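Summary of the model geometry
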Amino acid sequence: MKKVPHFQLGFFPTPLHRLNNLSKEFPGINLFIKRDDQTGLAFGGNKTRKLEYLIGEALENDYDTVVTIGAAQSNHCRQTAAAAVVAGLDCHLLLRGSEPEICNGNYLLDKILGAHIHWFEAGKQKESENLLLETLKKEGKKPFLIPVGGSNETGTLGYVKAMEELKKQLETQKIDHIVFASCSGGTHAGMVLGKQIYNTEPEIIGISIEKDMTGEIPLKEHIVTVANGAAELLDVAQKITGQDVTLIDGYNEAGYGVVTSQEVNAISVLAKSEGIFLDPVYTGRAFAGMLDLLKKGYFQKGSKIMFWHTGGAPANFHYADQILE
Ligand SMILES: *Cc1c(COP(=O)(O)O)cnc(C)c1O
């Protein structure tokens with residue numbers, strides 16, 4: 001396997017533990033959680049792992065500024081702003097929409113971290129990106145563009161490495177199924193490639209968060225492409241096909257960032273049973289999907305199911321009104 005530039009931002013392995021109270025609600029089922037909400041960088045989350053490779057690439061190639069894109073409450077943007085601070089890089093964030101009246105949640109944290117914020121109109125991402133990159137270059141900067149969610153070949157390497165980490169944890173804790181929130185696809189791509197490289201057993205089940213996330217390209221296809229691109233970067237022989245990607249639709253009907261009773265209920269269930277916070281956009285939706293699959297008998301009796309918590313809790317502060325309704 002080829003060595004790829006890497007810059008440490010988090011503290012690993014993240015804990016894997018049993019959900020003792022919640023498991024009692026599902027006789028014959030054992031529930032576990034892997035705590036990537038505890039990666040140790042600026043309130044944690046799955047983007048820490050991706051950014052270790054993305055920032056590694058930026059530093060290796062002498063970039064001095066990172067630029068990335070997302071929603072106003074993007075966890076990825078918050079983690080990127082923090083990663084830039086750690087690495088000594090400038091950070092410019094392109095946030096979708098217009099400046100909100102109330103500055104809270106991830107947007108507040110972006111500001112505290114000193115990120116330069118720019119707003120763009122939905123549908124004008126490409127132009128806005130190009131314009132900002134040109135402006136920064138004219139100012140004598142060398143900007144490094146990180147795509148939405150950090151989900152390119154390089155970012156995906158973070159979850160390939162995470163599967164190596166999980167493999168060690170599986171020596172003492174058998175798991176049959178992994179359930180998690182899949183949105184821009186990098187996390188999913190890394191898991192399926194890592195599963196093949198490290199020969200891990202658990203079935204990987206992504207709950208789709210946003211319908212038509214990647215525009216013209218279906219998410220599954222995007223995951224396959226990015227996973228194979230990452231395999232190339234690592235110079236490994238594994239090849240991913242659509243059959244390796246399990247993506248469950250049906251929990252994203254409300255649209256991205258729209259909080260419904262399913263997310264509110266999932267947040268409440270895990271908080272009140274285990275004292276753990278989910279988020280209203282990603283993990284709340286994915287956890288709701290898992291609870292629904294459990295109810296429908298999707299998993300065999302005796303199954304050990306691990307929810308891979310990907311972070312996002314700061315968004316709760318932004319969605320307070322909807323969560324408390
Ligand atoms: C970005 C994000 C995801 C989705 O990860 P992708 O790699 O974009 O599919 C899941 N959960 C949280 C909390 C996130 O911020």
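Residues numbered from 1 in each chain as written. Predicted model: local features only at pLDDT ≥ 70, side-chain atom pairs only at ≥ 80, totals over all residues. Heavy atoms only, no water.

1. Concerning the nonpolar core
Grouped together as the largest cluster of nonpolar side chains are 36 residues, with contacts concentrated most on Leu31, Phe287 and Leu294. Mapped onto this core, the elements with two or more residues apiece are strand 2 (30-35), strand 7 (177-182), strand 8 (203-208), helix 9 (261-274), helix 10 (283-295) and strand 10 (304-309). Considering each element in turn, this core owes the most residues, seven residues, to helix 10. Excluding anything up to four places from it in sequence, Leu294 contacts Phe26, Ile29, Leu31, Phe299 and Ile305. In this structure, Tyr159, Ile223, Val245 and Trp308 belong to the second largest nonpolar core, which totals 33 residues. (Core = buried A, V, L, I, M, F, W, Y, C linked by side-chain atoms within 4.5 Å. Buried < 20%, exposed > 50% of the residue type's maximum accessible area, 1.4 Å probe, protein only. Helix = DSSP H or I, 4+ residues; strand = E, 2+ residues; numbered from the N terminus. Contact = heavy atoms within 4.5 Å.)

2. Focus on the pairing of strand 4 (residues 90-96)
With five of seven residues buried, strand 4 is to be regarded as a mostly interior element. In terms of strand pairing, strand 3 (residues 65-70) meets strand 4 through six bridges, oriented parallel. Note that in strand 4 the partner of Thr65 across the bridge is Asp90. Handedness of the strand 3-helix 3 (residues 75-87)-strand 4 crossover: right-handed. Pairing of strand 4 with strand 5 (residues 116-120), which is carried by five bridges, proceeds in the parallel orientation. Bridging from a neighbouring strand, Arg96 pairs with Phe120 of strand 5. Taken together, strand 4, helix 4 (residues 105-112) and strand 5 form a β-α-β motif whose crossover is right-handed. (Pairing = 2+ DSSP bridges. Right-handed = clockwise from strand over helix to strand, strands pointing away.)

What is shown is where atoms sit, not what they do.
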